[in-house]
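Report on the structure
In case you want the letters, here they are:
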Amino acid sequence: MRSQGQVRFIKVSTKVQTLGAVGVVSFLSVWVGTMASATLSQWSATQEQAALQAREARIATAQNRVDAYRRDVRAVAADLERRQEFIQRMVEAHLGDLPDDTQGGDAASDDQDETSTTVKKLSMAMPEAAQLAQLEAAQLSFVERLTRYADRRSTRAADSIRKLGLNPGAMIARRSAEGGPLLRLATARDGTVDPRFRQMGASLARMDAMVSSLASVPQVQPAHVPFVSSSFGYRADPFNGGAAFHAGLDFPGPMGSAIYAAAKGRVTFVGQKQGYGNCIEISHGSGLVTRYAHLSGFGARVGQMVEPGTRIAAMGSTGRSTGPHLHFEVRINDQPVNPRPFLDAAQKAQARS
């Protein structure tokens, strides 16, 4: 150590170094042990929760359902009414009309086998309640088929979103703002919801979120023109010839040609932007925005909800433009991304349809 023209030396003995090393190793060992313990506890809690959910899903075993029917068959009938109301609300809220592909087509599950056993036991123990038991079995079979249908649609929508290079989980997370009055749903007189019905509701809600997220992705070509005059990325600037970055696609066409919304969304801007001239922006949720520029006229207003293919403007040459064309951008969290994959995927999907 050099201080005020003097040099002092500090000697650390082998013993002190050894004790220091042992201390560091001990600290690291304790830290690793703590982290491992926390991870193990979390895994154990997850396993316990999964086991609890599995036990909940088998509440309605054959014997306790027989006991319930024997105790009060009228109460069982009232619960079946509540279940039917729950099903009806879910179908009306999420589907409107019942799709054809919810009708069978899947192999029998353990729950279906258990339900069949319950019906047989009830029919033997209480012949007068056989029809009620068959109604309950039909309800549960329908709930399972509807859950599978919703899961299939969610999976298809999520796969389509991934093919566009987007994260379906992140898109749903950005839609998480919620609120409203509390309107309770129940499948039993004590206010509880059967786990199978709860799972159906959760699957339908996820399906809605996935399908809505997919619908918000650009899927309609914004201008009916035969080619693109300038692509996304590097180009020579049309005014000075220098290297420049082009943040969208240019669709050239006759002055006044129709411009269409590329996806479902809400119009959030109608006006002028520097370089873009007359411009419209549509927000599609999850941070995704489409921008339509160089317009000669507007056909939409701020706050208006539009569907894919809705006419929103007319082609022009306002702003920094060399002639009539549409400048089309796709932006995610205000960062421009290449619109081409979205439009190409949409064309392929339409061709398959």
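For every chain, the first residue of the written sequence is number 1, and numbering continues from 1 onward in sequence order. Under the rules for a predicted model, residues below a pLDDT of 70 receive no local features and side-chain atom pairs below 80 are neither given nor counted, while totals for whole chains, interfaces and linings still include all residues. In computing side-chain values, all of the structure's heavy atoms are included and hydrogens and water are not.

Brief notes about the pattern of salt bridges
- Each salt bridge in this description consists of a side-chain nitrogen of Lys or Arg and a carboxyl oxygen of Asp or Glu lying within 4 Å of one another. Inspection of the entire model under this criterion finds 13 salt bridges.
- Arg196 is the partner of Asp194 in a salt bridge, and the nearest nitrogen-oxygen pair spans 2.9 Å. Residue Asp194 shares its accessibility class with Arg196, and that shared class is buried.
- By sharing partners, the salt bridges in this structure join Lys273, Glu281, Arg291, Glu329, Arg331 and Asp334 into a single network. For every residue, the accessible area (1.4 Å probe, protein chains only) is compared with the maximum for its type, and the residue is labelled buried under 20%, exposed over 50%, or partly exposed between those bounds.

Focus: the side chain of His284
- Secondary structure elements follow DSSP: runs of H or I of four or more residues count as helices, runs of E of two or more count as strands, with numbering from the N terminus. One can find His284 in the loop between β8 (277-283) and β9 (288-293).
- Judged by relative accessible area, which is 4%, His284 ranks as buried.
- Polar contacts involving the side chain of His284 include one to the main-chain carbonyl oxygen of Ile282, which spans 3.4 Å.
- In the analysis that follows, any N or O atom pair within 3.5 Å is treated as a polar contact, provided that within protein one partner can donate a hydrogen and the other can accept it, and provided that, for residues neighboring in sequence, both atoms belong to side chains. At 2.7 Å, the side chain of His284 forms a polar contact with the side chain of Thr290.

Some words on the nonpolar core
- Buried residues of nine kinds, namely Ala, Val, Leu, Ile, Met, Phe, Trp, Tyr and Cys, make up a nonpolar core once their side-chain atoms join them within 4.5 Å. One finds Leu166, Ile259, Ile280, Tyr292, Ile312 and Leu326 to be the most contacted residues of the largest nonpolar core, which totals 32 residues.
- At the level of secondary structure, the elements contributing two or more residues to this core comprise α5 (130-163), β5 (249-252), β8, β9, β12 (311-315), β13 (325-332) and α8 (340-352).
- Looking at this core element by element, the count peaks at four residues for β13.
- If we skip the residues at most four places from it in the chain, Ile259 touches Pro222, Ala223, Tyr292, Leu295, Thr310, Arg311, Ile312, Ala313, Ala314, Met315 and Leu326. Contacts are assigned to residue pairs with any non-hydrogen atoms lying within 4.5 Å of each other.

With respect to the sheet that holds β12
- Overall, antiparallel pairing links the three strands, which are arranged β6-β12-β10 in an open sheet. Each end of this open sheet is capped by a strand with a single partner; those strands are β6 (258-260) and β10 (295-298). Strand-to-strand twist of the sheet, defined as the mean angle between neighbouring strand axes without regard to direction, takes the value 40 degrees.
- Here, any two strands with at least 2 DSSP bridges between them count as paired. Strand direction decides the pairing type here: β6 and β12, joined by three bridges, are antiparallel. Bridging from a neighbouring strand, Tyr260 pairs with Arg311 of β12. Axis definition: a line fitted to C-alpha atoms, limited for helices to the stretch in contact. Angles are taken between N-to-C directions and run from 0 to 180 degrees.

Some points on the pairing of strand β7 (residues 265-273)
- Looking at chain direction, β7 and strand β11 (residues 305-306) are connected through two bridges and run antiparallel. Residue pairing in the sheet places Arg266 in a bridge with Met305 of β11.
- Direction of pairing for β7 relative to β8: antiparallel, over a ladder of seven bridges. Residue pairing for β8: Gly271 is matched across the bridge by Cys279.
- Once β7 ends, the chain turns through three residues before running back antiparallel as β8, passing Gly275 with a positive phi of about 85 degrees.

Some words on unusual backbone geometry
- Here the phi dihedral of His294 falls at roughly 70 degrees; this positive angle occurs in a residue that is not glycine.
- Inspection of the secondary structure assignment puts His294 in the loop between β9 and β10.
- The phi angle at Asn333 is positive, at roughly 55 degrees, despite the residue not being glycine.
- Along the chain, Asn333 falls in the loop between β13 and β14 (335-337).

With respect to helix α7 (residues 195-215)
- With 21 residues, α7 extends 30 Å between its outermost C-alpha atoms, agreeing within 8% with the 30 Å of an ideal straight helix rising 1.5 Å per residue.
- Of the positions making up α7, those classed as buried are Pro195, Arg196, Phe197, Met200, Gly201, Ser203, Leu204, Met207, Ala209, Met210 and Ser213.
- Measuring from the side-chain oxygen of the N-cap residue of α7 to the backbone nitrogen of Arg196 gives 2.8 Å; that N-cap residue is Asp194. To estimate the expected span of a helix, subtract one from its residue number and multiply by 1.5 Å.

Some words on a nonpolar patch on the surface
- Patch members must show over 30% relative accessible area and no salt bridge, and they are joined within 9 Å when carrying like charges or within 5 Å when they are nonpolar side chains of Val, Leu, Ile, Met, Phe, Trp or Tyr. Accessible surface area values rest on a Shrake-Rupley calculation with a 1.4 Å probe, where residue burial reflects the displayed protein chains alone. A cluster of nonpolar residues, Val24, Phe27, Leu28, Trp31, Val32 and Met35, forms a patch on the protein surface that exposes about 630 Å² of accessible area.
- By secondary structure assignment, the location of Met35 is in helix α1 (residues 14-56).

Side note on the packing of aromatic side chains
- In this scheme Phe, Tyr and Trp rings, the latter by its six-membered ring, pair at centre separations within 6.5 Å, and the angle between planes marks the pair as stacked below 30 degrees, edge-to-face above 60, and tilted otherwise. Evaluation of the coordinates by the stated rule reveals three aromatic pairs.
- Seen from their ring centres, Phe86 and Phe197 are 5.7 Å apart, and the 80 degrees between their planes marks the pair as edge-to-face. With Phe86 in helix α3 (residues 73-94) and Phe197 in helix α7, this residue pair connects regions lying 111 residues apart in the sequence.
- Phe86 gets classed as buried once you look at its relative accessible area, which sits at 5%.
- A relative accessible area of 0% places Phe197 in the buried class.
- Centroid distance Tyr292 to Phe328: 5.4 Å. Interplanar angle 50 degrees. Geometry classified as tilted. Of this pair, Tyr292 sits in strand β9 while Phe328 sits in strand β13, placing them 36 residues apart in sequence.
- Take Tyr292: its relative accessible area is 0%, and that puts it in the buried class.
- Note on geometry: a ring has a charge over it if NZ (lysine) or CZ (arginine) is within 6 Å of the ring centre and within 35 degrees of the ring normal. If you follow Lys273 out to its NZ or CZ, it ends over the ring of Phe269, 4.5 Å from the centre.
- In this arrangement the basic side chain of Arg291 is found over the ring face of Tyr276, its NZ or CZ atom lying 4.7 Å from the centre.

Observations concerning the packing of α5 against α7
- The N-to-C vectors of α5 and α7 enclose an angle of 25 degrees; their axes lie 8 Å apart at closest approach. It follows that α5 is roughly parallel to α7 by the angle criterion. Judged by the twist between their axes, the crossing of α5 over α7 is left-handed.
- Here the residues of the contact of α5 with α7 are counted per class, giving 15 nonpolar, six polar and four charged. Orientation categories follow fixed angle ranges, with anything under 35 degrees roughly parallel, anything over 145 roughly antiparallel, 65 to 115 roughly perpendicular, and all other angles oblique. Handedness of each helix crossing follows the sense of rotation of the near helix against the far helix: counterclockwise by less than a right angle gives left-handed, clockwise gives right-handed. All amino acids are sorted into three groups, where Ala, Val, Leu, Ile, Met, Phe, Trp, Tyr, Cys and Pro are nonpolar, Asp, Glu, Lys and Arg are charged, and the leftover types, Gly among them, are polar.

Read these as spatial facts, not as claims about activity.
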